[in-house]
Amino acid sequence: MPDKTAKTAAKATAAKPAAAKVAPKPAVAKTPVAKPSVAKPAAVAAPKPAAPKAAAPVVAPKVAAKPVAAPRVEEPKKVVTQRQGFKANEFVVYPAHGVGQILAIEEQEIAGAKLELFVINFMKDKMTLRVPTAKVANVGMRKLSDPALVKRALETLKGRARVKRTMWSRRAQEYEAKINSGDIVAIAEVVRDLYRSESQPEQSYSERQLYEAALDRLSREIAVVQHSTETEAVKEIESQLAKSPRRGAKSEAGEGDAEGEAEGEDADGDDTAVADEAA
């Protein structure tokens, strides 16, 4: 009996260390369980959703900006050198302003409609005018007179002055209409009729204004046609005026009588002009 008890006790003691050895194994299993519980990767994954930076559609507007550059291709189309028989850099006569130069023929959009315009520069007046190409005929714009027509205008200056027996206000309107007609011969007639030599009575203020306006228009066109200066053109005009029968130093008897009648008409006209201005 004592032997059996001792063996049983020995077995029990032997089983205890075995149980102790087995116990630490589950503890080791617990520690690895704690490792997967490290939710650090989950925290790292959280900022990734903020990647909706894919809002790269902001780049789309940049692509839309490219079509805006497309209209620039139309610029070459605006380069036009000729319209209605008129060319760029050509000198023309605009009735209301006289001789000017076409700087360019450009296209502009006005109220949604495209218009072609002549850009005309009047250097002496320091003015630039834009005239629709379609309205050139209506405004009376024309080319420079040819040399033959200029010669005819100069011959007109040598003729006798023709002054009507009418009120100065009416005559002034007729002179203005001739000046603004753009007709070089008609303008020469105004210069001839309003010219006064040193031996003749002085002009009234309104007469002088009309005379200088007509002289300016005539001298500008003659200067451009003859490729000379305006000063030279004015001298040529005055030399032709001096050849007029009324203003010549010598005249025949018959011409003297006609001169007296013409001067009488002028005197009436001058009196009327003074009365009009005084009123």
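See above for the structure.
What you are looking at is a predicted structure, and each value in this text was computed from that prediction instead of being measured. (Residues numbered from 1 in each chain as written. Predicted model: local features only at pLDDT ≥ 70, side-chain atom pairs only at ≥ 80, totals over all residues. Heavy atoms only, no water.)

Here we come to the pattern of salt bridges. Tallying each qualifying case throughout the model produces 13 salt bridges. For Asp193, the salt bridge identified is with Arg192, shortest N-O distance 2.9 Å. The salt bridge involving Glu207 is made with Arg196; its shortest N-O contact spans 3.6 Å. Separated by 11 residues along the polypeptide, Glu207 in helix α9 (residues 205–226) and Arg196 in the loop between α8 (184–194) and α9 bring together distant segments of the chain. Both residues of the pair, Glu207 and Arg196, belong to the buried class. (Salt bridge = Lys/Arg side-chain N within 4 Å of Asp/Glu carboxyl O. Helix = DSSP H or I, 4+ residues; strand = E, 2+ residues; numbered from the N terminus. Buried < 20%, exposed > 50% of the residue type's maximum accessible area, 1.4 Å probe, protein only.)

This paragraph deals with helix α10 (residues 230–241). The end-to-end C-alpha distance of α10 is 16 Å, a good match for the 16 Å that 12 residues give at a rise of 1.5 Å each. Every buried residue of α10 is listed here: Ala233, Ile237, Gln240 and Leu241. Buried residues in α10, looked at end-on, bunch into an arc of 105°, giving them a common side. Residues Thr231 and Lys235 are exposed on α10 and point more than 90 degrees away from its buried face. In this structure, the buried side of α10 is in contact with α6 (147–157), α8 and α9. (Expected span 1.5 Å × (residues − 1). Arc of directions from axis to C-beta. Contact = heavy atoms within 4.5 Å.)

Attention shifts here to the packing of α9 against α10. The geometry of α9 relative to α10 is characterised by a closest axis approach of 8 Å and an angle of 115° between their N-to-C directions. Relative to α10, α9 is oriented roughly perpendicular. The element α9 and its partner α10 pack so that their crossing is right-handed. For the pair α9 and α10, contact is made by Tyr211, Leu215, Asp216, Leu218, Ser219, Arg220, Ile222, Ala223 and Gln226 and by Glu230, Ala233, Val234, Glu236, Ile237 and Leu241, respectively. Of the residues that constitute the contact of α9 with α10, the class distribution is 9 nonpolar, 2 polar and 4 charged. (Axes fitted to C-alpha atoms, helices over the stretch in contact; angles between N-to-C directions. Parallel < 35°, antiparallel > 145°, perpendicular 65-115°, else oblique. Left-handed = near helix turned anticlockwise from the far one by under 90°. Nonpolar A, V, L, I, M, F, W, Y, C, P; charged D, E, K, R; others polar.)

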